[in-house]
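Structural description and commentary
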Amino acid sequence: MKPAAFQYLRPVAIEDALRQLARFAPEGKLIAGGQSLAPMMNMRLARPAQLIDLNDLTELAYVKEAGEWLRVGALTRHQRLAASPLVQRHCPLLAQAAQTIGHYAIRQRGTIGGSLAHADPAAQLPLVAVTLGARLQLRRQGGERTVDAADFFLSAMTTALAADEMIEWIEFPKARPGEAAAFRLFNRRHGDYALVAAAATVECEGGTVQRLRLGVGGAAAVPQALRALAGTARGRLADDGWVAEVAQAAARQVDVDEDARVPAQYRRELTQVLVGRALGRAVADLRA
Amino acid sequence: MDQQSITLTVNGRNIEFAAEPRKLLSDALREDCGLTGTHVGCEHGVCGACTVLVDGQPVRACLTFAVQMEGHEISTIESIGEHGALSPLQQALHETHGLQCGFCTPGIVMTFEAFLRANPDPGEDEIRDALSGNLCRCTGYQNIVAAIRLAAARLREAA
Amino acid sequence: MNAQAFRHIGSHVPRKEDERLLTGRGRYIDDIAVPGALHATFVRSPHAHARIRSIDAGEALQRPGVVAIFTGQDLAAWTTRHRMAPPIDGLQPVEMDTIPVSKVRFQGDPVACVVAADRYTAEDAAELVQVEYEALPAVTSMWQALDPASPLVDETLPSNLLSHQHATHGDVAAQMRQAHRVVESEFSQQRQTHLPIETRGCIAVWDEGRQHLTFHVGIQVPHPYRTTLAARLRLAESQVTVISPDVGGGFGQKIALYREELAVAAIARHLKRPVRWREDRLENLLASSQAREDFVRTRAAVDAQGRVLGLELEIVEDFGAYSFYPGNYLARVVAMILTGPYRIRHYGYDVKVLLSNKVGNGPMRAPMSITSWVMEGTLDAIARELALDPVAVRRINMVGAAELPYTMATGEVLADITPRETLEAVLAAVGYEAFRERQRAAREQGVYLGLGICSVVESTTYGSKFYKSAGIPGSGHEAAWVRIEPSGVVNASCGLGATGQGYETALSNAVAEGLGTTPANVRIQLGHTDVAPYGMGSRGARGGTAGGGTLYLCAQEARAKVLAIAAARLGLADPGELRMTDGRIERRAGAQWQDSGLTLADVARTAYLDPLMLPPGMAPGLEFHLAYEPPPMTYSNSTHACEVRLDPATGALRIERYVVAEDCGTVLSPVVVEGQQHGAIAMGLSGALFEHVEYDQQGQNLSGTLADYLVATACELPKFEVISMHTPNRATPAGVKGMAEGGVMGALGAVANAVNDALAPFGVTASRHPLTPMSLRELLRGRRPGVAPGPAAAEASRPATIE
C-alpha cells in the first residue's frame, strides 16, 4: 500500500511551520512521529496535498517546570515521558500512561502533540490530559491561545484545533504532596489500544480524601473526567469500601458508546474493574 | 510524481538517489540503496519486520518517508555482524534456534541491538514487552526470548 | 534421544540457514532484482457479490509510467480456466476464471491488473480504473448458504452445497437407543487466515527467444505448481521453470496457483517483458486464502462409566467462494481421523461444505485443526454430564499399547503410536492431582483456574493411496537425488519446498547418516524445478518422512556404491568389511574398525576421473536417484496440557502453564522439531484466543488490517514445556514420523478445554471461538459460581477411580 503523492515541506523553525500551515491548510497536514498518520497515508485513507514535517523543530521537545505546572513541548516523544525523572516526580500519571503506549519502537517516534491532535478515543495521553485538567497552547500564524483539555477533545478524532493551528505545548498541574496516581487499561493484547482505560489521582490527609481526580477513556468518543463523581470524594475515608463505591458509580455514570464488537454493558463492567484497580492501587500507595 | 534528490546516510555511507517525497524509507533502503535485508511485512506499523535504527533508536521504516531521514544516521541489518562474525545477539539467536523462516528476524535484531544497549540486564517480562512490537509466525517467541537473555548475559560479561 | 543409535540423525546442530537470514542476506522474492521488470497491482471488487458490467481504464492508462491494464477477458484469451473436479461422490465439480469475467464473488476479488513502471504509479492508476458493478445479494454465512433459496455463489451449481460426504460404520443408531446417556456438544471455530509475515509475490520472466517462462515464486510445492502453471498457460511443462527463493512462511497459503500469479505470468508473456507482483498486507488479509470456519456437533452414546459406545459427527463448513483445494478435504481427513486414539467402533459422520461470498479456503497449518478439540471436548462434556473425572474418561476409552496396531472404525490403521504414554507423561509433568487441589483452594478464594487436556493423533505423511481416495490431485511419493562430486562434497535434492522449516539442516542430517559423511559436507538444494527431482512438495507434515526418508534411502544407495568402489581399491572381495564414517572409509579388524586411509574424496575421484579402476561392469560417476512411496498414512502423537487463569470480572484469560509430551518417532533434527512444536502451539493458541476474519452481513471484510486481525505477540504466549519421546515407526525409513501440525490441534483443544474447566463452577461452557474476553464475560454475566450441573457436583473435582 503506497501513499498518494504529496509535496514535502520541512520547516526549520516554528514560524516557518506556521506560515506553511497557514498557506496550505486544510489540504496540508502536519506530521510529527507519524505513527498514526503514516499508516493512514499508506492505506490512502489520508491524502494530504502537503506534508509539513515538524521533526526538525527540536526546540519543541522538552520537559520543564513552569511554576505550578509541568510544561511538555509538543514534539516530546513518548519514550521520554515514560522515562523522564522530572515527569515521574511531578506528573507520575503521565509517566505511567506513556509507558503503556504501543510498543518500544513506537514510543521512540510518537509524540505527545501528535497523540493529542489525533484524538483517538482510546489513547492514553488525551485521557491523562482531561483527567488532570491540562491546558494546551495552540499557535497559528500571528496568534496563539490556551485551551483547557476539557474543551479540546470534541469527538472521536476531532479536536478544537483549527486547520491552520498547531499544538505548541501542554501543561499538566504538578502532583501535590500526599497524592498518588495510577493508570490502568484493558486491552486484547499487550500494546493494543485500550478497550477502556482508567486514570486516577487521589490526595489524602490522615486517611481522608482531599481530592480525587478520575478519568475514563475508550468508553465513548472522547475521554471523560468524572468531575461530579470526583467532587463527592472530599472528606471520605479512603478505604476499600469507598473505592468499590466509586468504581460502581463510575460504571453507572460514564457515557458509553454502543459498538458491534464491544457491547456497552461490557465497557461499563470494565470501567468498574479498572477504576477499582486504579483507585485501589493509588490508595494502597498512600498507605504504604 | 515529482522526484527530488535525496541523500541518506546509511551504515556510514552517503547514498544519493532520486525519488518522490512519498517514497517510504523501507522501499528506498531496499531499492535505491540496494539493502534488501530490511523486510516489508505490513506497511502499517504493526509487524515490526521493517525496523531499522535511526540515530540509534528503533524506527519502523514503513512509517517513515525516505526524505524525512536526510540528516540522520540510519543503521540497517547489513551493519550488524557479518558472515563468520555474527554479533552476540545474532550468535545467540543462532544457538537457541530463534529464527525459522527469517523474515521477521532483521527487525528483531535491530530492535534489540538498540534495546540491549539501553537495557543491559532485562528480565523476561521486559524482553517480552519490547518484543511484542515484532510479530513472528514461526517460532512462538520462546527461543527468541532465550536468545536475548543469552546475548544480554554475554554482553554484560564482556563489558 | 532417538531410539536407534544414529550418528547424525538426531544431532543437535544449529541451522545452516541461519547465517544468511540473520545478516539480512537471505533472498526472498522481493529481494530478487530483475532489471526492467514492470510492477503489477490489482483492481479489486469492493462488493461481496456483483456482476461486472463494464471496466473503463481510459483515464488510468493516461498516467505516465502506466504500461497496460488487463481484465478477465484478456486473461481468458491467454489461459485456461481452473477446473477442480476430482471424481468424488458428493463433491460438485467447479471451474473458475483466471480473473473474473462476469461476476465477482467476494470483496477483494480481482477484476483488472494494472502494469506500470513501479508500484506507486500502479496504485495511482488502479484508483482511476472505473468499474461498473451491479451488486447482488450476498451469502455471508453457512446457515444462509444451506438455505436452498439463497443466492447462488456459483451459478453452474444447483445450490451452494459444494460437498456432502457422509458414512456410517457399525450401528450407531442402535448405540444411541441403548445408551445410558447421549451427550451432545457443539464446537464453533471461526474463520482465520494464515498470515505468513512475508506476503505472496512472484516474478515472471518470459524468454521470447527460447519461448520459456522462468517464474520466481515462494512456493511449498514447486513441481505440482509448475505442472499446473504450464497447463493453465497452454505451455509444455518443459517450457516452464519455477524457482522458489527463501520464503517468509507458508503455512499452506503458498500451495495453490492463485489467480494473481497466473495473471502475472500470462501478462509477462504477452508483453514480452518481465512483470513482478508483491501482495501487500491489506491484499493478503482481503484476498489470500482463508481457513477453518467450521461448525461441529457431536452426539456421544455413553455408558455410566463414560465409555463411548457410539459417536455421531456433524460438520458444516463455510468454504468461501472458490475452490483453491477440494471441498471434500475435511470429510476425508477430519471425519476419517476424528476418533483418534479412542476405541469407538460405531461411528457416523455427515460433512457439508458450503460456498459463500468470502475468500476461498486454503489448507492452513493443520487443516484438520478442529479434530482434537472436538474429540477431546466431547470427552470433557461426557465427564461433566456424568460427574466423572475427565482423565478417567480418557483412560477408559483410550487404546492401549497392547491393542496396536489398531484399526479405527473408518479403516485407518494406527501403529507405532503412544497416546497412553504421552497422556501419562503430561499428567505427571503438570501434577494432575496436585492441580485439582490447587484449583479447589483457588476457587474458595474466588480465583478460577482451569486445566485442559488434549491428545492428538496427527496424520503427517499421506501416501498415494490416501490422495487418490481423497480426490486430491497428485501422488504421495517423494523423489530425491544425491550426487557426490569429484572432490567428495555432496549435493542432494528432493521435491520439498522450504518455507522456514530448516530443511537444509535436517535433510543434511538424513543424507549424512545414510551416506556416512558429515552434514557439513552436504548441500541441500530445493525449490528449483530444473534442479530438484519431481516431488510432491511440502504440505501437511511430510517433510521429515517423505523428504528425509527418501534422501536417507537414496544416500544409502550411494554408500553401497562408494563402499563397493572402496573395496575394489583395497582389494577386498566383500564391501561388507567396510563402513564409512564421516567420509573416512574404515575396515573391519576383528571387533574393531580401523581407518583404511581411503576417504570419500578418494573414491569420488576414482569414480569420475579414473573409471578404469572401478569394479568390472560398474558405470562411472556417483549420482543416484530414488523415489519413495510412504505408507498410506503415517501418524505421530502428542498430549497437550494447558493451565489457564480466568478473571470472571472481565473475561480475561491468562495462560499460566503449557506442557506437551510429543512422540514423533525418529527426529532428524531435534532443534528443528522443537521449533516446529513451539510454532504450531503458538498458532493454535493465537487462533483460539485472538484471530478472526470477520465478514459483516453484506459480506464486507471487517478484518482488513493487522489492527483488526489479531495474532498473539510475545506477551500473550506462555513458555512451552516439551517432553520428547521417540517411538520409531517401523514402516518408514529410519523410523521417522514427521510432525508440524499436531501442535495446532493440541493447543486449540487444550486451551478450549482449560477454559471450560475454569468455567465449570458457573455451569456454562464456551463453544465458540475465539475465546475473547467479551464472549467469556457474556457467558458469565449474571451467573454465580457454585451452580454446577449434575447430582455429584461435589465429586466433580475429585478424581474418579483411576484405571
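A quick note: this is a predicted structure, and the numbers were derived from the prediction, not measured. (Residues numbered from 1 in each chain as written. Chains lettered and ligands numbered in written order. Predicted model: local features only at pLDDT ≥ 70, side-chain atom pairs only at ≥ 80, totals over all residues.)

1. A closer look at the overall build of chain C
A count of helical and extended segments in chain C gives 21 helices and 32 strands. Taking 2.2 N^0.38 as the reference for a compact globule, 803 residues should give roughly 28 Å; the C-alpha atoms of chain C span a radius of gyration of 28 Å, in line with that estimate. Overall, the C-alpha framework of chain C stretches about 85 × 85 × 50 Å when taken along its three principal axes. Going through the 803 residues of chain C one by one, you find that 61% of them count as buried. A fraction of 81% describes how many contacts in chain C between residues 6 or more apart in sequence connect residues 24 or more apart. (Helix = DSSP H or I, 4+ residues; strand = E, 2+ residues; numbered from the N terminus. Rg over C-alpha atoms; globule rule 2.2 N^0.38 Å. Buried ≥ 20, exposed ≤ 12 C-beta atoms within 10 Å, placed from the backbone. Contact = placed C-beta atoms within 7 Å.)

2. Re helix H21 (residues 773-780) of chain C
Most of H21(C) is tucked away, with six of its eight residues classed as buried. If you check which residues of H21(C) are buried, you get Pro773(C), Met774(C), Leu776(C), Arg777(C), Leu779(C) and Leu780(C). Along its buried surface, H21(C) packs onto helix H12 (264-287) of chain A together with strand S30 (633-647), strand S31 (652-663) and helix H20 (742-759) of chain C. Looking one or two places after H21(C), you find Gly782(C), whose phi comes out positive at around 80 degrees.

3. Considerations on unusual backbone geometry
Residue and element names in this part refer to chain C. In this structure, Pro405 follows Leu404 across a cis peptide bond, with omega equal to -5 degrees. Position of Pro405 relative to the elements: it lies in the loop between helix H12 (390-397) and strand S20 (406-407). For the bond running from His769 to Pro770, omega is 0 degrees, close enough to zero to count as cis. The residue Pro770 is located in the loop between H20 and H21 in this model. Notably, Ala387 is not glycine yet its phi reads approximately 55 degrees, a positive angle. Its location among the elements puts Ala387 in the loop between helix H11 (370-386) and H12. A positive phi angle, near 55 degrees, is found at Asp416, a position not held by glycine. Within the fold, Asp416 resides in the loop between strand S21 (413-414) and helix H13 (419-430).

4. Re the confidence of the model for chain C
Residue and element names in this part refer to chain C. Residues with a pLDDT of 70 or more make up 97% of chain C, whose mean pLDDT is 94. Every residue in residues 787-803 scores below 50 in pLDDT, and together they form 33 contacts with partners more than four places removed in sequence or on other chains. Interface predicted TM-score (ipTM) for the complex: 0.98; the corresponding pTM is 0.96. (pLDDT = per-residue confidence, 0-100.)

5. Remarks on helix H8 (residues 259-271) of chain C
All names here are of chain C. Taking 1.5 Å as the rise per residue, H8 with 13 residues should run 18 Å; its terminal C-alpha atoms sit 18 Å apart, in good agreement. Taken residue by residue, H8 has Arg259, Glu260, Glu261, Leu262, Ala263, Val264, Ala265, Ala266, Ile267, Ala268 and Arg269 as its buried positions. Directly after H8, the chain includes Lys272, whose backbone phi takes a positive value near 55 degrees. (Expected span 1.5 Å × (residues − 1).)

6. Brief notes about the sheet that holds strand S25 (residues 522-525) of chain C
All names here are of chain C. The strand order across the open sheet formed by four strands is S25-S24-S23-S29, and the pairing between neighbours is mixed. Looking at the sheet topology across the chains shown, the edges are occupied by S25 and strand S29 (623-628). Across the sheet, the mean angle separating the axes of adjacent strands is 20 degrees when strand polarity is ignored. Packing of helix H16 (residues 503-515) onto the sheet brings it into contact with strand S23 (478-484), strand S24 (490-494) and S25, and relative to S25 it is tilted by some 130 degrees. (Pairing = 2+ DSSP bridges. Axes fitted to C-alpha atoms, helices over the stretch in contact; angles between N-to-C directions.)

7. Focus: the domain arrangement of chain A
Residues and elements named next belong to chain A. According to the domain assignment, chain A contains domain 1 (1-55 + 62-175) and domain 2 (179-287). Placing a centre on the C-alpha atoms of domain 1 and another on those of domain 2 gives a separation of 25 Å. Taken together, the contacts link 22 residues of domain 1 with 21 residues of domain 2. The set of elements that each furnish at least two residues to the side of domain 1 that touches domain 2 consists of helix H5 (92-99), helix H8 (124-132) and strand S8 (153-155). For the side of domain 1 that touches domain 2, the element with the most residues is H8, which contributes seven residues. Looking at side-chain class alone, the side of domain 1 that touches domain 2 contains 14 nonpolar, seven polar and one charged residues. (Domains from an automatic or database assignment. Nonpolar A, V, L, I, M, F, W, Y, C, P; charged D, E, K, R; others polar.)

8. Thoughts on the domain arrangement of chain C
Residue and element names in this part refer to chain C. Taken as a whole, chain C is organised into domain 1 (18-24 + 477-628), domain 2 (32-136 + 199-247 + 254-287) and domain 3 (369-395 + 404-459 + 633-795). Taken over C-alpha atoms, the centre of domain 1 sits 41 Å from the centre of domain 3. Listed per partner, the contact involves 16 residues of domain 1 and 15 residues of domain 3. Contributing elements (two or more residues each) for the side of domain 1 that touches domain 3: H16 and helix H17 (543-570). The element contributing the most residues to the side of domain 1 that touches domain 3 is H17, with seven residues. Of the residues that constitute the side of domain 1 that touches domain 3, the class distribution is five nonpolar, ten polar and one charged.

9. Details of the interface of chain C and chain A
Of the residues lining the interface, 14 residues belong to chain C; the matching set on chain A comes to 13 residues. At the level of secondary structure, the elements contributing two or more residues to the side of chain C that touches chain A comprise helix H4 (119-128) and H21 of chain C. Considering every element that reaches the side of chain C that touches chain A, the biggest residue donor is H4(C), with three residues. Of the residues assigned to the side of chain C that touches chain A, the class counts are seven nonpolar, two polar and five charged.

10. Some details on the environment of Val131(C)
Residues and elements named next belong to chain C. Note on placement: Val131 falls in strand S8 (residues 130-135). Between the alpha carbons of Val131 and Ser538 there is a distance of 39 Å; along the sequence they are 407 residues apart. The contact partners of Val131, leaving out residues within four places of it in the chain, are Val43, Ile52, Ile55 and Val111.

11. With respect to the interface of chain C and chain B
Each partner contributes to the interface: chain C provides 45 residues, whereas chain B provides 46 residues. When residues of the side of chain C that touches chain B are traced back to their parent elements, those giving at least two are helix H1 (18-22) and helix H19 (670-689) of chain C. When residues of the side of chain C that touches chain B are assigned to their parent elements, the largest contribution, seven residues, is made by H19(C). Residue composition of the side of chain C that touches chain B, grouped by class: 19 nonpolar, 14 polar and twelve charged.

12. Here's the deal with the environment of Val67(C)
Residue and element names in this part refer to chain C. Note that Val67 resides in strand S3 (residues 66-71). For the pair Val67 and Phe762, spaced 695 residues apart in sequence, the C-alpha to C-alpha distance is 64 Å. Excluding residues that lie within four positions of it along the chain, Val67 makes contacts with Leu38, Val115 and Ala116.

13. Looking at the sheet that holds strand S3 (residues 51-54) of chain B
Consider a sheet: its strands pair through backbone hydrogen bonds, and that pairing is either parallel or antiparallel. All names here are of chain B. Spatially, five strands are ordered S2-S1-S5-S3-S4 in an open sheet, and the strand pairing comes out mixed. What marks the edges here is a single partner per strand, and that holds for strand S2 (13-19) and strand S4 (57-60). Across the sheet, the axes of successive neighbouring strands diverge by a mean angle of 45 degrees, strand direction being ignored. For S3 and S4, the ladder comprises four bridges, and the chain directions are antiparallel.

14. Brief notes about the pairing of S29(C)
Here is the key point about a regular strand: its side chains alternate between the two faces of the sheet. Residues and elements named next belong to chain C. Burial of the side chains of S29 is restricted to one face: Phe624, Leu626 and Tyr628 are buried, whereas none of Glu623, His625 and Ala627 on the reverse face is. Of the pairings in the sheet, the one linking S23 to S29 comprises six bridges and is antiparallel in character. Of the residues in S29, the one forming a bridge with Ala479 is Ala627.

15. A closer look at the pairing of strand S26 (residues 578-581) of chain C
Residue and element names in this part refer to chain C. Of the two faces of S26, the one holding Leu578 and Met580 is buried and the one holding Arg579 and Thr581 is not buried anywhere. Bridge analysis of S26 against strand S27 (residues 584-589) gives four bridges, and the strand direction is antiparallel. In the sheet register, Arg579 faces S27, and the bridge partner there is Glu586. Turn length for the S26-S27 hairpin, with the two strands adjacent in sequence and antiparallel, is two residues, and the turn residue Asp582 shows positive phi of about 50 degrees.

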